[in-house]
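# Architecture and fold: a report
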Amino acid sequence: VIAVDLGADKIFVFKFDERNGQLSEHSSGTYSAPPGSGPRHLVFTKDGHYAYVVTELNPGVITLRWDARRGRFEQIAVTPSLPEDFVGRRSSAEILLHPSQRFLYVSNRGDSNSITRFTIDANRIPHREESTSSGGRMPRFITTDPDGRFLLAANQATGEIVSFPLDASTGRLGAEISRVKVPAPVAI
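Note on placement: E25 falls in strand β3 (residues 22-25). Looking at E25, the relative accessible area reads 45%, which means it is partly exposed. When the C-alpha atoms of E25 and K15 are compared, they prove to be 6.2 Å apart, with 10 residues separating the residues in sequence. The residues contacting E25, other than those within four sequence positions of it, are F12, V13, F14 and T30.

So, on to the nonpolar core. In terms of nonpolar packing, the biggest core is built from 11 residues, these being L96, F103, Y105, I115, I142, L151, A153, V162, F164, L166 and L173. If you list the elements that add at least two residues to this core, you get β10 (103-110), β14 (150-155) and β15 (160-165). Apart from the residues within four sequence positions on either side, Y105 is in contact with E94, I95, L96, H98, I115, T116, R117, I142, L151, L166, G171 and L173. Counting 10 residues, the second largest nonpolar core, distinct from the first, contains Y31, A51, L64 and F73.

Across all of its chains, the model carries 3 aromatic pairs by this definition. Seen from their ring centres, W66 and F73 are 4.6 Å apart, and the 50° between their planes marks the pair as tilted. Among the residues examined, W66 registers a relative accessible area of 16% and is labelled buried. Pairwise contacts between aromatic rings join F44, W66 and F73 into one cluster.

Of the strand pairs in this sheet, strand β7 (residues 60-67) and strand β8 (residues 72-80) are connected by 8 bridges, and their pairing is antiparallel. Across the sheet, L64 pairs through a bridge with Q75, a residue of β8. Hairpin connection of β7 to β8: 4 residues between the antiparallel strands, including G71 at a positive phi of 65°.

This brings us to the sheet that holds strand β5 (residues 39-44). Spatially, the 4 strands line up as an open sheet ordered β5-β6-β7-β8, and their pairing is antiparallel. Strands at the two margins of the open sheet, each flanked by one partner only, are β5 and β8. Strand after strand, the sheet turns through a mean of 25° between neighbouring axes, direction not considered. Examined bridge by bridge, β5 and strand β6 (residues 50-55) share 5 bridges and lie antiparallel to one another. Of the residues in β6, the one forming a bridge with P39 is T55.

The next subject is the environment of W66. Tracing the backbone through its elements, the reader meets W66 in strand β7. For W66 and N108, which are 42 residues apart along the polypeptide, the C-alpha to C-alpha distance reads 26 Å. When sequence neighbours within four positions are dropped, the list of residues in contact with W66 reads I2, V13, F44, G48, H49, Y50, G71, R72 and F73.

Attention now moves to the side chain of R117. Among the structural elements, R117 can be located in strand β11 (residues 114-120). Classification of R117 as buried rests on a relative accessible area of 5%. Within polar-contact distance, the side chain of R117 engages the backbone oxygen of T170 at 2.9 Å.

What follows deals with the side chain of T79. Here T79 lies in strand β8. We classify T79 as buried; its relative accessible area is 11%. Within polar-contact distance, the side chain of T79 engages the backbone oxygen of P126 at 3.2 Å. The residues touching T79, leaving out its near neighbours within four places in the chain, are G60, V61, F118, P126 and R128.

About the thresholds
Residues numbered from 1 in each chain as written. Predicted model: local features only at pLDDT ≥ 70, side-chain atom pairs only at ≥ 80, totals over all residues. Heavy atoms only, no water. Helix = DSSP H or I, 4+ residues; strand = E, 2+ residues; numbered from the N terminus. Buried < 20%, exposed > 50% of the residue type's maximum accessible area, 1.4 Å probe, protein only. Contact = heavy atoms within 4.5 Å. Core = buried A, V, L, I, M, F, W, Y, C linked by side-chain atoms within 4.5 Å. Phe/Tyr/Trp six-rings, centres within 6.5 Å; stacked < 30°, edge-to-face > 60°. Pairing = 2+ DSSP bridges. Axes fitted to C-alpha atoms, helices over the stretch in contact; angles between N-to-C directions. Polar contact = N/O pair within 3.5 Å; in protein donor to acceptor, adjacent residues only side chain to side chain.

Structure representation (structure tokens):
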């Protein structure tokens, strides 16, 4: 069991005992994120060999290699989700790996209110391509439909879920296609 702890800047790994249903900390598996980064959410690749972690306090993505035999993460890259020259409040919230495993998305809150698209290279490293408006304020959660053809953004502060088409070959978000009023959406 993996637990992402924003306040401690750590990702804890726990062993699960199937006989008694108990968890025990696997302390040698604990990963320490860069200080002040604030790891928030984690998503594994389909093959389970890599994980991507969105960092809330210093917006970006940490790429980790997972050693399932030893129950340990190894950091292989850190990629910012906003340009270095971005001015204003910075905060990321959600991370989404496209079903094709070729694209990664991060929602950025604060003054950005955007969704950043990353392409993933052959070494599993994400590269920031562009940021697109989330269509509202405080995009707390993002997801795709099961086929990965549309991205939905839950904009908590403006109380709307906004949907965008996704280009299958580039992962780019197209122009907004729908907007649904929902009081303070935080998850879909």
